[in-house]
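The residues making up each chain are set out below.
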Protein chains: 2
Amino acid sequence: MTQMSEALKGNVTPEMELVAKYEGVNVNKIIRGLSKGTIVIPKNINRKTKVYGIGEGLTTKVNANIGSSSKIEDLDLEVKKAKLAVEYGANAVMDLSTGPELNKFRKAILKEVDVPIGTVPIYEAGVQTLNANKEIIDMDEDLIFKVIESQAKEGVDFMTLHCGITKELVPKIQKQNRKMGIVSRGGTFLASWILHNDSENPLYENYDYLLEIAKEYDITLSLGDGLRPGCLLDASDIPQIQELVNLGGLVKRAQQEKVQVMVEGPGHIPLNQIKANMELQKSLCHNAPFYVLGPIPTDIAPGYDHITAAIGGAIAASNGADFLCYVTPAEHLSLPSLEDVKEGVIGTKIAAEAADVSLGLEKAWKKENDMAEARRNFDWDKQFEIAIDSSKPRVYKNKCKIDDDEMCAMCGEYCAVKIAKDDF
Amino acid sequence: MTQMSEALKGNVTPEMELVAKYEGVNVNKIIRGLSKGTIVIPKNINRKTKVYGIGEGLTTKVNANIGSSSKIEDLDLEVKKAKLAVEYGANAVMDLSTGPELNKFRKAILKEVDVPIGTVPIYEAGVQTLNANKEIIDMDEDLIFKVIESQAKEGVDFMTLHCGITKELVPKIQKQNRKMGIVSRGGTFLASWILHNDSENPLYENYDYLLEIAKEYDITLSLGDGLRPGCLLDASDIPQIQELVNLGGLVKRAQQEKVQVMVEGPGHIPLNQIKANMELQKSLCHNAPFYVLGPIPTDIAPGYDHITAAIGGAIAASNGADFLCYVTPAEHLSLPSLEDVKEGVIGTKIAAEAADVSLGLEKAWKKENDMAEARRNFDWDKQFEIAIDSSKPRVYKNKCKIDDDEMCAMCGEYCAVKIAKDDF
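Residues numbered from 1 in each chain as written. Chains lettered and ligands numbered in written order. Predicted model: local features only at pLDDT ≥ 70, side-chain atom pairs only at ≥ 80, totals over all residues. Heavy atoms only, no water.

Caption draft 1: Region of the structure containing the overall build of chain A. A count of helices and strands for chain A gives 19 helices and 10 strands. If one aligns the C-alpha atoms of chain A with their principal axes, the spans along those axes are about 75 × 50 × 40 Å. Taking all contacts inside chain A whose residues are at least 6 apart in sequence as the whole, residues at least 24 apart take part in 73%. Split by element, the accessible area of chain A, about 14500 Å² in all, is 47% carbon and sulfur. Side chains of chain A carry 49 positive and 62 negative charges; the gap between the two charge centres is 2 Å. (Helix = DSSP H or I, 4+ residues; strand = E, 2+ residues; numbered from the N terminus. Contact = heavy atoms within 4.5 Å. Areas by Shrake-Rupley, 256 points an atom, 1.4 Å probe, with all protein chains shown as cover. Lys, Arg positive; Asp, Glu negative; His and termini not counted. Charge placed at Lys NZ, Arg CZ, Asp CG, Glu CD.)

Caption draft 2: Representation of the sheet that holds strand E7 (residues 220-223) of chain A within the structure. All names here are of chain A. Within the closed barrel, the eight strands sit side by side as E3-E4-E5-E6-E7-E8-E9-E10. Their pairing is parallel. Taking each pair of neighbouring strands and ignoring which way they run, the sheet shows an average axis angle of 25 degrees. Pairing between strand E9 (residues 290-293) and strand E10 (residues 323-325): three bridges, direction parallel. Across the sheet, residue Val 292 finds its bridge partner in E10, namely Leu 324. (Pairing = 2+ DSSP bridges. Axes fitted to C-alpha atoms, helices over the stretch in contact; angles between N-to-C directions.)

Caption draft 3: Main features of the side chain of Ser 97 of chain A. Residues and elements named next belong to chain A. Within the secondary structure, Ser 97 is located in the loop between strand E4 (92-95) and helix H5 (102-112). On the basis of relative accessibility, which here comes to 2%, the residue Ser 97 falls in the buried class. Engagement of the side chain of Ser 97 in a polar contact is seen with the side chain of Asp 95, the distance being 2.6 Å. Among residues more than four places away in sequence, those in contact with Ser 97 are Ile 66, Gly 67, Ser 68, Leu 102, Phe 105 and Tyr 123. (Buried < 20%, exposed > 50% of the residue type's maximum accessible area, 1.4 Å probe, protein only. Polar contact = N/O pair within 3.5 Å; in protein donor to acceptor, adjacent residues only side chain to side chain.)

Caption draft 4: Local environment of the relation of the copies chain A and chain B. Superposition of chain A onto chain B requires a rotation of 180 degrees combined with a translation of 0.0 Å along the rotation axis, giving an RMSD of 0.0 Å. Accordingly, the operation relating the two chain copies is best matched by a two-fold axis. Taking C-alpha positions as the reference, the residue of chain A nearest the rotation axis is Ile 311 of chain A, at 2.2 Å. Of the residues that chain A buries at the interface, 100% are likewise interface residues in chain B, meaning the two copies contact each other through the same surface. (Least-squares fit on C-alpha atoms with pLDDT ≥ 70 in both.)

Caption draft 5: The sheet that holds strand E5 (residues 117-119) of chain B, seen in detail. Residue and element names in this part refer to chain B. Ordered by their spatial adjacency, eight strands build a closed barrel running E3-E4-E5-E6-E7-E8-E9-E10, and the pairing between neighbours is parallel. Neighbour-to-neighbour, the strand axes of the sheet open up by a mean angle of 25 degrees, direction not taken into account. Taken together, the three bridges between strand E4 (residues 92-95) and E5 define a ladder with parallel strand orientation. Looking across to E5, one finds that Val 93 is bridged to Ile 117.

Caption draft 6: Just the side chain of Thr 38 of chain B, in detail. All names here are of chain B. Within the secondary structure, Thr 38 sits in the loop between helix H3 (27-36) and strand E1 (39-40). For Thr 38, a relative accessible area of 6% puts it in the buried group. Contacts of Thr 38, omitting those with residues within four sequence positions, involve Gly 33, Ile 54, Gly 55, Glu 56, Asn 287 and Pro 289.

Caption draft 7: Spatial organisation of the environment of Ser 337 of chain A. Along the chain, Ser 337 of chain A turns up in the loop between E10 and helix H15 (338-358). Note: C-alpha distance between Ser 337 of chain A and Asn 287 of chain A (50 residues apart in sequence) is 36 Å. Beyond its immediate stretch of four places on either side in the chain, Ser 337 of chain A contacts Lys 81 of chain A together with Lys 399 of chain B.

Caption draft 8: Main features of the interface of chain A and chain B. Counting residues at the interface gives 105 residues for chain A and 105 residues for chain B. Taken together, both faces of the contact between chain A and chain B bury some 9100 Å²; the carbon and sulfur share is 69%. When residues of chain A are sorted by the area they lose upon contact with chain B, Ile 300, Tyr 414 and Phe 424 of chain A head the list and together hold 10% of the total. The closest approach of N and O atoms between Glu 373 of chain A and Lys 179 of chain B, which form a salt bridge, is 2.7 Å. In this structure, the connection of chain A to chain B is made through 31 residue pairs in polar contact (both at pLDDT 80 or more). (Buried area = accessible area lost by both parts, 1.4 Å probe. Salt bridge = Lys/Arg side-chain N within 4 Å of Asp/Glu carboxyl O.)

Caption draft 9: A look at the pattern of salt bridges. For the coordinates displayed, the defined rule picks out 58 salt bridges over all chains. Residue Asp 340 of chain B pairs with Lys 399 of chain A through a salt bridge whose shortest N-O separation is 3.8 Å. Here Lys 399 of chain A lies in the loop between helix H18 (391-398) and helix H19 (416-420) and Asp 340 of chain B lies in helix H15 (residues 338-358), a pairing that spans two chains. Looking at Lys 399 of chain A, the relative accessible area reads 47%, which means it is partly exposed. Linking Lys 418 of chain B and Asp 404 of chain B is a salt bridge whose minimum nitrogen-to-oxygen distance equals 2.7 Å. Residue Lys 418 of chain B is found in helix H19 (residues 416-420), and its partner Asp 404 of chain B is found in the loop between helix H18 (391-398) and H19; the two are separated by 14 residues along the sequence. For Asp 404 of chain B, a relative accessible area of 29% corresponds to the partly exposed category.

Caption draft 10: Quick peek at the environment of Tyr 304 of chain B. Relative to the helices and strands, Tyr 304 of chain B resides in the loop between strand E9 (290-293) and helix H14 (305-317). Residue classification places Tyr 304 of chain B among the buried positions, given a relative accessible area of 1%. Placed 39 residues apart in sequence, Tyr 304 of chain B and Glu 343 of chain B show a C-alpha to C-alpha distance of 9.8 Å. With sequence-adjacent residues up to four places away left out, Tyr 304 of chain B is seen in contact with Lys 342, Glu 343, Ile 346, Ile 350, Asp 389 and Lys 392 of chain A together with Pro 329 of chain B.

Caption draft 11: Structural view of the confidence of the model for chain A. For chain A, the mean per-residue pLDDT works out to 96, and 100% of the residues sit at or above 70. Interface confidence in the predicted complex, given as ipTM, is 0.97; pTM for the same model is 0.97. (pLDDT = per-residue confidence, 0-100.)

Caption draft 12: Structural context of the packing of helix H14 (residues 305-317) of chain A against H14 of chain B. Interaxial distance between H14 of chain A and H14 of chain B falls to 9 Å at its minimum, and their mutual angle equals 55 degrees. It follows that H14 of chain A is oblique to H14 of chain B by the angle criterion. When you trace H14 of chain A past H14 of chain B, the crossing you get is right-handed. From H14 of chain A, His 306, Ile 307, Ala 310, Ile 311, Ala 314 and Ile 315 of chain A reach across to H14 of chain B, where they touch His 306, Ile 307, Ala 310, Ile 311, Ala 314 and Ile 315 of chain B. Taken together, the residues of the contact of H14 of chain A with H14 of chain B sort by class into 10 nonpolar, two polar and no charged. (Parallel < 35°, antiparallel > 145°, perpendicular 65-115°, else oblique. Left-handed = near helix turned anticlockwise from the far one by under 90°. Nonpolar A, V, L, I, M, F, W, Y, C, P; charged D, E, K, R; others polar.)

Caption draft 13: Quick peek at the environment of Gln 383 of chain B. Residue and element names in this part refer to chain B. Secondary-structure assignment places Gln 383 in helix H17 (residues 380-386). Between the alpha carbons of Gln 383 and Val 12 there is a distance of 37 Å; along the sequence they are 371 residues apart. Ignoring any residue separated from it by four or fewer positions in sequence, one finds Gln 383 in contact with Met 371, Ala 374, Arg 375 and Phe 378.

Caption draft 14: A look at the pairing of strand E8 (residues 261-265) of chain A. All names here are of chain A. Where burial is concerned, most of E8 is hidden: five out of the five residues are buried. A two-sided burial pattern is seen for E8, the buried positions comprising Val 261, Val 263 and Gly 265 on one face and Met 262 and Glu 264 on the other. Bridge analysis of E7 against E8 gives three bridges, and the strand direction is parallel. Within E8, the position partnered with Leu 223 by the bridge is Val 263. Where the polypeptide runs from E7 across helix H12 (residues 238-256) and back to E8, its parallel neighbour, the crossover connection is right-handed. Taken together, the three bridges between E8 and E9 define a ladder with parallel strand orientation. When the sheet's bridge partners are listed, Glu 264 is paired in E9 with Tyr 291. Between E8 and its parallel partner E9, the chain crosses via helix H13 (residues 271-284), and the hand of that crossover is right-handed. (Right-handed = clockwise from strand over helix to strand, strands pointing away.)

Caption draft 15: Main features of the pairing of strand E6 (residues 158-161) of chain B. All names here are of chain B. Burial along E6 is two-sided: Phe 158 and Thr 160 and Met 159 and Leu 161, pointing in opposite directions, are all buried. Direction of pairing for E5 relative to E6: parallel, over a ladder of two bridges. Across the sheet, the residue bridging to Gly 118 is Phe 158, located in E6. Where E6 meets strand E7 (residues 220-223), four bridges bridge the pair, whose relative direction is parallel. Residue Thr 160 lies in a different strand from E7, and its bridge partner there is Ser 222.

Written as structure tokens, this is what we have:
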């Protein structure tokens, strides 16, 4: 059974109930969304975890990526990062480990972290291939599916799979002569594999088998955007959109098999193209939930990509994106530190909140209302309690000792709210 | 003479030349904009400083607010903040000092800082009133104009003046029963003054006199939004829009007198209302340049309002705003530290850049192109050179020693760009 198949039968699962409660909506709304494929609830049948609904009409969810790289492997630190991300409001965590010991990392994260966990199985297949002293282009097709199945058994809740990069598409990428080529790791693995083996993408060719595995464990498929643009100049080009068209067809096939499915999106996109990208995805992909990384609407602020991505994410989520992958200040430069993870989650939560307010979601407006009241009443504790991060604003407020609670050090006696309070 | 009067005569001033050169456009474009009032060049005739054009078709400019409060007065620190803001790309600085010694601060900033300087003269009038043991509502009308004239003589380049809060409007604010009342300091001073003296706003009543002073020194008027909303629930309400209507009439009168004028805007605005607010301002205010503070599209992230404002600012500037006032992480809590000023400027520069790219400005796209090329070529030094902040990304990159320059610690051997480079 999958959440989708149950919804289609009209059965209410405990997960649906929990999601409805969290969103403050009637469970019928969740059932309708699951049935139509506009909502997913990522949860592997083998895992016990908090659940969240992702999709149309629900609050925008936030994912944090953690994991080792071939250059840095520190298990404790990555588990700490995952927990910190959840503490600051991440609704899901992806383990993107690519170090030699990546299996240890995934197992620890699945055990220690209490939100849906996602992976990119092709990373494990790639690392196993390299560990066996072979090259990525020599990766064994069977190995890819073995990895997917073993991770499914372990309890992974959602998986990024770059099923849309087809053999037909590879020469189009070359012809496009992109500024930045391919910037998705999974995308590069598969495009190079296709090119050098002159064979079809195994994830595309054996998509039915993939759907069988996904169905058995109720894995939510996250169809990867292997050809997302890596700079603004490559945005919305033929390879990107052609891959999206392919993904639309694959969404349909997943939904027909009652497999939960969402679609991943760009990437590096100029601000004026974000809305069109969201609308195109929804239209081509049968309104499946859209999971975006960023988007980043300028590339000239390395070290601050959490801010750049907050801009893009807010616009994306207010125009249809349902699930925002965080970007940390370390993006394009290094693995994030604990502090970077915190900054990344907070930036993305702000984007999600701004979008939810924009969409008129009651849950978001209640917080805005409560914050305004706390401000008007100079109830500082209440303000900090509502805040995404309670401790940082408290430190700022207390930097300067002020006896009168009806002001802060910014405006002092000239606090407009204090002066206007009685008259206006 | 003013830049506008010269433009109307078809005279090219050195300032127009400099602005055209900075923007990479023909000087005729600047002359046309100045003539129509869609571009301003804030520069007092008594001051030597860098000049920037603000308005339609030009790159988005950034302002940083600094200055003392009644609770914190540290002259050296405020000068340092102003210089740091300029170092990170601020195109203007406003001295918003309200401490007892505020005149010292303004004079030091005017002397030490090499960009256009703005003030809010009503602050000095207010502080002088309080220093004389009177209350704000006892402020003398003549004093306001004396302060404006003396600051004009000193060389202030642009002044925020809340001319649009009229006697007719004050009962409307009360009737509106806003959640947050009035949150502009100048707005509160004037609304309270009007209410308690049962008299018209002196800045409105004596607007012709104000125009005379502005004309004499070529002060750019920045018509203040004293009734901007202080929370999302108050956004786009009757008092806010009525004040904007008033400002539209005042813009016309300024332009008729060849006085340079821009209009200030909100504030706390839900994301879905930002575009409409920008379009309304342009339409009501005869396309005068729009100078916005934020806008902030959610209130639940105190301590991170620089990120929230970057979201709002990017959307505003891509829909017509020409000049973004920064917001620092300390907003609503305290005066900013040096670090906060830096974070505030960078967040706002990112917003400005994202908007300029979105608007198709060549100057912005060139930077995007250069950054993409530097990334593709793994030219790290070039990347850091183009970056808004060169030092932070360098620190991130160098955190982890890697012999191979064609990767970073984030993806290590699995760098997509490295793998895809030769084939795609």
